[in-house]
Amino acid sequence: MQMVRLPRSVPWDSSVLIMQLRDYQQGAIDGLFQYFEHHSGNPLLVLPTGSGKSVIIGALCKTILTSWPDQRLMVVSHVKELLEQNFGKITAFWPDAPAGLYSAGLGQKRSRDPITVAGIQSVFRKPHIFGWRDLVLIDECHLLSPDSDGMYRRFIAGLREVNPRLKVIGLTATAYRLRTGMLHEGSDRLFTDIAAEVSLTELLEAGHICPLKSRPSEIQADLSGVGIVGGELNSREQEAAVDKEELTRAALDEVFALASDRKSWLVFVAGRTHGEHVETALRERGITAKFVHGETPDAERDAAHDDFKSGRLRALVSLGVHTTGFDAPNIDLLVLLRKTLSPGLYYQILGRGMRLHPGKANCLVLDYAGNIDYHGPIAHLKPPKAAGTRGKREAHERSCLICPDCRMASPLGALECADCGRQFTPPERVNHGTTASTGEVMALGDLPAPSLGEWVLVHSVSYHKHQKSDKIPTMRVEYHCGINTYREWICLEHPPGFARGKAVDWWKRRTPFEPPDCIALAIEYSDSLTKPVAIRVKQGERFWEITGYDLTGFTVAAAAEKERADSEPSEPIDFLGESF
């Protein structure tokens with residue numbers, strides 16, 4: 001293929017583009033051409049959801065055919081919406097593009113254009129009708145089957161019978177599969193390298209994608225008895241575990257409490273019957289909702305999508321059809337009523353909420369099946385283990401920290417909560433010397449050390465405004481207890497929900513004044529706050545948690561009295577009516 005060794009005398013020229021590319025989009029194209037300068041493999045472009053993969057495809061096609069007019073390209077995908085997007089971007093960049101569509105679902109079958117955008121279901125049995133092809137771009141290539149008889153591999157093998165030097169470029173947000181791990185690793189790999197990769201953090205910091213906010217719920221489905229098949233939870237067992245009326249009712253009650261102001265809801269369910277029940281429950285609460293699944297007729301599905309994007313439909317209940325290729329930037333609420341062990345699928349689900357939209361500050365994620373606990377924050381996902389190596393217990397292990405103040409998920413090892421700023425400070429450890437110490441083992445004043453266990457006396461309290469970048473400010477409360485200081489973060493400025501409710505309760509227990517809405521006013525009135533005599537602290541895996549307060553001194557006094565009584569000699573126990 002001519003692209004493997006780019007002609008030095010005919011350098012490609014990015015000025016041929018009509019639309020202005022973002023820096024990272026231009027960088028991805030540059031990285032691809034630099035790759036082909038030195039390598040002859042089949043590379044990957046790894047680009048987050050919302051980064052504009054269709055724009056990059058359009059720009060790449062125009063650049064190639066402007067510099068090398070004899071090239072013949074194909075853009076292949078499995079989703080009708082992706083075919084429409086990709087064809088639209090190519091023609092947007094190049095109104096006179098020699099491009100055609102081949103898709104039974106879209107009613108067009110053009111096979112001889114220099115650029116052919118094709119649905120794999122329509123073409124995999126007949127690669128011969130497309131003649132010579134130099135390059136195939138596969139969008140959402142993580143869905144390409146590793147089996148030799150998969151549709152993509154069968155199609156590519158047919159094209160290579162005509163051109164053995166055919167090159168394949170894959171585009172994806174998740175460069176791994178559940179069953180086999182990384183796409184460019186392993187003996188059965190089609191892709192050989194990653195030519196360019198853009199991080200989610202980079203796009204978020206640049207403001208190119210919408211941030212996600214999570215509020216893990218106390219309402220969680222019990223999936224401990226669900227088995228694993230092929231590396232994923234057994235679908236029938238999971239549906240049986242989550243499709244319970246009381247669970248659906250409790251989850252939706254919390255959704256209404258936390259997200260009543262959200263305008264466009266995408267709800268993920270575990271099965272057909274579960275989806276029907278959730279759709280009914282939403283409608284009973286006055287929410288316009290439509291359940292869409294893999295067997296929903298195309299016309300009905302298209303109508304539902306149009307209604308959802310226009311705002312006539314508030315909620316889409318989804319089973320297996322909205323994780324790839326569904327572009328609805330208005331989504332501002334994701335409700336997860338099912339669990340997946342696949343980090344790729346988890347990423348694709350959350351990616352539906354990351355597109356920018358006017359008036360949309362963020363997308364709220366409410367998870368009722370333990371996905372966030374299992375996978376952690378989306379920017380810190382790890383490739384999956386191969387199928388069969390994950391045990392049942394491991395499938396339910398936590399892989400992130402849940403903030404005890406606002407319940408936001410942060411990656412393991414994080415020093416502070418990404419939302420409220422609560423510091424995840426590892427427990428302070430005393431460096432013991434080799435000689436005897438005259439200091440107290442625990443700083444409990446006059447109380448005997450064993451008497452209170454996890455209670456510590458508070459000598460003083462200080463209040464501070466905690467502000468980090470663009471996060472909502474919180475009030476950091478520091479309890480000074482001898483040589484140790486314990487901290488908590490009070491979320492008075494947070495919107496109505498768990499964190500704000502907890503802060504209001506905290507405030508009302510300490511003063512008759514109404515809870516303020518700003519941190520500055522809270523600190524101004526801090527002199528009215530009752531100082532606890534002692535606090536109860538718990539050593540977590542990564543930080544100290546404050547689990548109780550003694551605002552009166554009664555708890556401390558009672559504990560001291562109990563310890564005194566326990567330390568006095570007791571009467572001998574008479575088991576048989578005799579003392580011994």
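Residues numbered from 1 in each chain as written. Predicted model: local features only at pLDDT ≥ 70, side-chain atom pairs only at ≥ 80, totals over all residues. Heavy atoms only, no water.

Trainee: Help me understand the side chain of Arg 262, please; the structure alone is not making it clear to me.
Mentor: Positionally, Arg 262 belongs in the loop between helix 8 (245–259) and strand 14 (265–268). Within polar-contact distance, the side chain of Arg 262 engages the side chain of Asn 362 at 2.9 Å. (Helix = DSSP H or I, 4+ residues; strand = E, 2+ residues; numbered from the N terminus. Polar contact = N/O pair within 3.5 Å; in protein donor to acceptor, adjacent residues only side chain to side chain.)

Trainee: Just to check I follow, could you spell out the pattern of salt bridges for this structure?
Mentor: Between side chains of opposite charge, a pair can form when the charged atoms approach closely. This structure, assessed with the given rule, holds 15 salt bridges. For Arg 110, the salt bridge goes to Asp 113, with nearest N and O atoms at 2.7 Å. For Arg 110, a relative accessible area of 42% corresponds to the partly exposed category. Here Arg 500 ties to Asp 517 by a salt bridge, and the two come within 3.0 Å at their closest N and O atoms. With a gap of 17 residues between them, Arg 500 in helix 14 (residues 498–508) and Asp 517 in the loop between helix 14 and helix 15 (519–524) connect regions that are remote in the sequence. Residues joined in a network through salt bridges with shared partners are Arg 476, Glu 478 and Arg 487. (Salt bridge = Lys/Arg side-chain N within 4 Å of Asp/Glu carboxyl O. Buried < 20%, exposed > 50% of the residue type's maximum accessible area, 1.4 Å probe, protein only.)

Trainee: Sorry, what's going on with the sheet that holds strand 10 (residues 193–197) here?
Mentor: Sheets are built from strands that pair by backbone hydrogen bonding, the pairs being arranged parallel or antiparallel. Read across the open sheet, the 8 strands follow the order 4-3-5-2-6-7-1-10; overall the sheet is mixed. Edge strands, defined here as strands with exactly one partner in the open sheet, are strand 4 (108–109) and strand 10. Sheet strands touched by helix 1 (residues 23–38): strand 1 (43–46), strand 7 (167–172) and strand 10. Its angle to strand 10, the strand with the most contacts, is close to 150 degrees. Across the face of the sheet, helix 5 (residues 151–162) comes into contact with strand 2 (73–77), strand 6 (135–139) and strand 7 while running at roughly 165 degrees to strand 2. (Pairing = 2+ DSSP bridges. Contact = heavy atoms within 4.5 Å. Axes fitted to C-alpha atoms, helices over the stretch in contact; angles between N-to-C directions.)

Trainee: Could you clarify how one ought to interpret the sheet that holds strand 26 (residues 544–550) in this entry?
Mentor: As summarised here, the arrangement of the 3 strands in space is 21-25-26, forming an open sheet in which the pairing is antiparallel. The two strands at the open ends of the sheet, each matched to only one other strand, are strand 21 (455–457) and strand 26. The sheet shows a mean angle of 35 degrees between the axes of neighbouring strands, direction not considered. Across 6 bridges, strand 25 (residues 534–539) lies against strand 26 in antiparallel orientation. Note on strand 26: the bridge partner recorded for Arg 536 is Gly 548.

Trainee: How should the packing of aromatic side chains be read in this particular structure?
Mentor: In this description, an aromatic ring pair is defined by two values, namely the gap between the centres and the angle between the planes. Evaluated as defined, the whole model comprises 8 aromatic pairs. With centroids separated by 5.9 Å and ring planes inclined at 85 degrees, the aromatic side chains of Phe 130 and Phe 155 adopt a geometry described as edge-to-face. Taken together, the positions of Phe 130 in the loop between helix 4 (120–123) and strand 6 and Phe 155 in helix 5 put the pair 25 residues apart, joining distant regions of the chain. In this pair, the class of Phe 130 matches that of Phe 155, namely buried. A ring pair is formed by Phe 256 and Trp 265, whose centres lie 5.5 Å apart and whose planes are at 80 degrees; its orientation type is edge-to-face. In this structure Phe 256 comes out as partly exposed when scored by relative accessible area, which is 25%. (Phe/Tyr/Trp six-rings, centres within 6.5 Å; stacked < 30°, edge-to-face > 60°.)

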